[in-house]
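Geometric and topological summary
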Amino acid sequence: MELIGVIGGGTMGAGIAAECAKAGSEVLVLETRQEFADAAQQRIASSILRGVASGKTTQTDADTAIAHVRVTLDIDEFTDRDLVIEAAPEIESLKYEIFGKLDKIVKPSGILATNTSSIPVIKVAGATQRPERVVGVHFFNPVPVMPLVEIVVSLVTSEETVAAVTDYAKNTLRKTTVQAGDRAGFIVNALLIPYLCQAVRMLESGYACTEDIDAAMKGGCGYPMGPLTLLDTVGLDVALAAAESLHAEFAEPHYAPPTLLRRMVDAGRLGRKTGRGFYHYN
């Protein structure tokens, strides 16, 4: 697969686009407005150029990768894409709409993938006439740093599709892949979200303060960051959407989003990306 499409140039979409471009793919990114497109182009370039600053790549290679990326406002340009990865917000109706449009535009042999962190793949596959060529390809934030990709296989995803996206993730992007069944949360979030929600409940109840909760899990369990710092990094809105999806599917109390998490999202305190979450950021 050489021609890659990415739907959305936000944090996740930009990271995915940067990784694909660094691997030599020609990448087309879709945005909805020109100011968003300009921001996405800058975000992708900045991600690629970090490799120069860290000594992991040369300026020449970075310039080549940046030249492999183009941002467009026209979804009709995705006709020739071999693989399109959707990285839109975690809104089921929005993803359903996007996949319906892509199905009519992308060539019949093209694979449609979703980067959803929690929505079952079969739900977006149902918007298409090619459900066997729809698959979950779940990256983790920050994409250039995190080595894992979850390949999520629905009941109707073909073996050919799974093999193609796994090969691309492993051998082109040099990621570690794991395969998961198509249930909300897949592997990582099904285990992670209850842990994060419990940390918020602990803070909400006054049982321990933010810093002590994080310090305890780092020092006591050897985690690289505490749960509240992780929430700020992931984005509280993203975590809330994942918890809501898991709770809707399984109706188990440990998936229920804590009230404090909802209120912080309502207040726009989404973590690092807004400058304030459980901590303050400059």
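Nothing here was measured: the structure is a model prediction, and the numbers come from that model.

Calculation criteria
- Residues numbered from 1 in each chain as written.
- Predicted model: local features only at pLDDT ≥ 70, side-chain atom pairs only at ≥ 80, totals over all residues.
- Heavy atoms only, no water.
- Helix = DSSP H or I, 4+ residues; strand = E, 2+ residues; numbered from the N terminus.
- Rg over C-alpha atoms; globule rule 2.2 N^0.38 Å.
- Buried < 20%, exposed > 50% of the residue type's maximum accessible area, 1.4 Å probe, protein only.
- Contact = heavy atoms within 4.5 Å.
- Areas by Shrake-Rupley, 256 points an atom, 1.4 Å probe, with all protein chains shown as cover.
- Core = buried A, V, L, I, M, F, W, Y, C linked by side-chain atoms within 4.5 Å.
- Pairing = 2+ DSSP bridges.
- Right-handed = clockwise from strand over helix to strand, strands pointing away.
- Patch = residues over 30% accessible without salt bridge, like charges linked within 9 Å, V, L, I, M, F, W, Y side chains within 5 Å.
- Salt bridge = Lys/Arg side-chain N within 4 Å of Asp/Glu carboxyl O.
- Phe/Tyr/Trp six-rings, centres within 6.5 Å; stacked < 30°, edge-to-face > 60°.
- Axes fitted to C-alpha atoms, helices over the stretch in contact; angles between N-to-C directions.
- Parallel < 35°, antiparallel > 145°, perpendicular 65-115°, else oblique.
- Left-handed = near helix turned anticlockwise from the far one by under 90°.
- Nonpolar A, V, L, I, M, F, W, Y, C, P; charged D, E, K, R; others polar.
- Disulfide = S-S within 2.5 Å.

Here we take up the overall build of the protein. Each helix and strand counted, the protein has 11 helices and eight strands in total. Here the C-alpha atoms of the protein give a radius of gyration of 19 Å, agreeing with the 19 Å that 2.2 N^0.38 yields for 282 residues. Projected onto the principal axes, the alpha-carbon positions of the protein cover approximately 55 × 45 × 35 Å. Counting the 282 residues in the protein, one finds 49% classified as buried. In the protein, once contacts between residues fewer than 6 apart in sequence are set aside, the share between residues at least 24 apart is 66%. Within the structure as shown, the protein displays about 13100 Å² of accessible surface, and the carbon and sulfur contribution to it stands at 54%.

Right, let's talk about the nonpolar core for a bit. Among the nonpolar cores identified, the biggest contains 33 residues, and I16, V27, V29, I44, L83, V137 and F139 are the most heavily contacted of them. If one sorts the elements of this core by residue count, helix 1 (residues 11-22) sits on top with six residues. Leave out the neighbours within four places in its chain, and I44 touches A14, A17, A18, V29 and V69.

Burial analysis of strand 7 (residues 148-153) places five of its six residues in the buried class, which makes it a mostly covered element. One ladder, built from four bridges, connects strand 6 (residues 134-139) with strand 7; its direction is antiparallel. Note on strand 7: the bridge partner recorded for H138 is E150. Alignment of strand 7 against strand 8 (residues 176-181), held across six bridges, turns out to be parallel. Looking at strand 8, one finds that V149 is bridged to T177. A crossover connection joins strand 7 to the parallel strand 8 through helix 6 (residues 159-172); in handedness this β-α-β unit is right-handed.

Time to look at a nonpolar patch on the surface. On the surface, I122, L155 and V156 cluster together into a nonpolar patch covering about 310 Å² of accessible area. One can find V156 in the loop between strand 7 and helix 6.

This model, assessed by the stated rule, comprises two aromatic pairs. The interplanar angle of 90° and the centroid separation of 5.7 Å between the aromatic rings of Y195 and Y223 together place this pair among those described as edge-to-face. Of this pair, Y195 sits in helix 7 (residues 188-204) while Y223 sits in the loop between helix 8 (210-221) and helix 9 (227-234), and the two are 28 residues apart along the sequence. With a relative accessible area of 23%, Y195 lands in the partly exposed category. Plain terms: the ring middles of F250 and Y255 are 5.7 Å apart, the flat faces sit at 35° to each other, and that makes the pair tilted. Note on F250: relative accessible area 22%, which makes it partly exposed. For Y255, a relative accessible area of 4% corresponds to the buried category.

Relative to each other, helix 2 (residues 34-53) and helix 3 (residues 59-67) sit at 165°, their axes nearing to 9 Å. Considering their axes alone, helix 2 and helix 3 lie roughly antiparallel with respect to each other. Considering the relative orientation of helix 2 and helix 3, their crossing is right-handed. Residues A45, I48, L49 and V52 of helix 2 touch helix 3, and the partners they reach there are Q59, A62, A65 and I66. For the contact of helix 2 with helix 3, the per-class residue count stands at seven nonpolar, one polar and no charged.

As a further point, take the state of the cysteines. Per the stated rule, a full pass over the model turns up zero disulfides. Residue C197 stays outside any disulfide, its sulfur separated by 17 Å from that of C221, the closest cysteine.

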